[in-house]
Amino acid sequence: SSLPEDAYLRERSANEELRRLLEQAGVKEQRLKEIFLKQTSRFRDACRDLFGWKVDMMEEQRECTQYRLRSEFAQSDSDIVMFQSSPLGAGMDLLETEFVTRQGNRVRAFLT
């Protein structure tokens, strides 16, 4: 056997091993995504069942995530409370919504 042929076979074997590892990593990543989605859903359902509020995480904007809360007993689709994470994780800010404005200080009193 010649040296170049041995080198080729070693490289081919190494490439096949890398492909196998990449495929395994893809399967593992998919499983983790499925588990994360299932656990997130269970957590959201538990929050709704315990507190009566459905929590939705909205799109992140300028490094701040917004959260929409809607009561199971809401009379209108616009009856929502919105929060936004403060920059650098310094807490949560209550955002003005039609519902919050209608409720006046009652929402703020409930939250403090």
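On a predicted model such as this, the values are computed, not experimentally measured, just so you know.

Procedures and definitions
- Residues numbered from 1 in each chain as written.
- Predicted model: local features only at pLDDT ≥ 70, side-chain atom pairs only at ≥ 80, totals over all residues.
- Heavy atoms only, no water.
- Helix = DSSP H or I, 4+ residues; strand = E, 2+ residues; numbered from the N terminus.
- Rg over C-alpha atoms; globule rule 2.2 N^0.38 Å.
- Salt bridge = Lys/Arg side-chain N within 4 Å of Asp/Glu carboxyl O.
- Buried < 20%, exposed > 50% of the residue type's maximum accessible area, 1.4 Å probe, protein only.
- Polar contact = N/O pair within 3.5 Å; in protein donor to acceptor, adjacent residues only side chain to side chain.
- Contact = heavy atoms within 4.5 Å.
- pLDDT = per-residue confidence, 0-100.

### Let's talk about the overall build of the protein chain
- Per the secondary structure count, the protein chain includes three helices and four strands.
- Mapped in sequence order, the helices and strands of the protein chain form the string α-β-β-β-β-α-α.
- Taken over C-alpha atoms, the radius of gyration comes to 25 Å for the protein chain, far larger than the 13 Å a tight globule of 112 residues would show.
- Taking the principal axes of its C-alpha atoms as reference, the protein chain extends roughly 85 × 30 × 20 Å.

### Focus: the pattern of salt bridges
- Inspection of the entire model under this criterion finds eleven salt bridges.
- The salt bridge involving R48 is made with D49; its shortest N-O contact spans 3.4 Å.
- Between E72 and R48 there is a salt bridge, with its nearest N and O atoms 3.5 Å apart. Taken as a pair, E72 in the loop between β2 (64-71) and β3 (80-85) and R48 in helix α1 (residues 3-51) lie far apart in primary sequence, 24 residues in all.
- Overall, the relative accessible area of 45% leaves E72 in the partly exposed class.
- A network of salt bridges, in which partner residues are shared, links D45, R48, D49 and E72.

### Re the side chain of S71
- One can find S71 in strand β2.
- S71 sits in the buried class, given a relative accessible area of 15%.
- Only 3.0 Å separates the side chain of S71 from the backbone nitrogen of F73, close enough to count as a polar contact.
- Ignoring any residue separated from it by four or fewer positions in sequence, one finds S71 in contact with G52, W53 and D79.

### With respect to the environment of Y67
- If you trace the backbone, Y67 turns up in strand β2.
- The partly exposed category is assigned to Y67, whose relative accessible area is 24%.
- In sequence terms Y67 and Q30 are 37 residues apart; their C-alpha atoms lie 26 Å from each other.
- Discounting residues that sit within four places of it in the chain, Y67 has contacts with D56, M57, M58, V81, M82, F83 and M92.

### Comments concerning the confidence of the model for the protein chain
- Looking at the protein chain as a whole, the pLDDT averages 89, with 94% of positions reaching at least 70.
- The spread of mean pLDDT over the elements of the protein chain runs between helix α3 (residues 105-111), the lowest at 81, and α1, the highest at 93.

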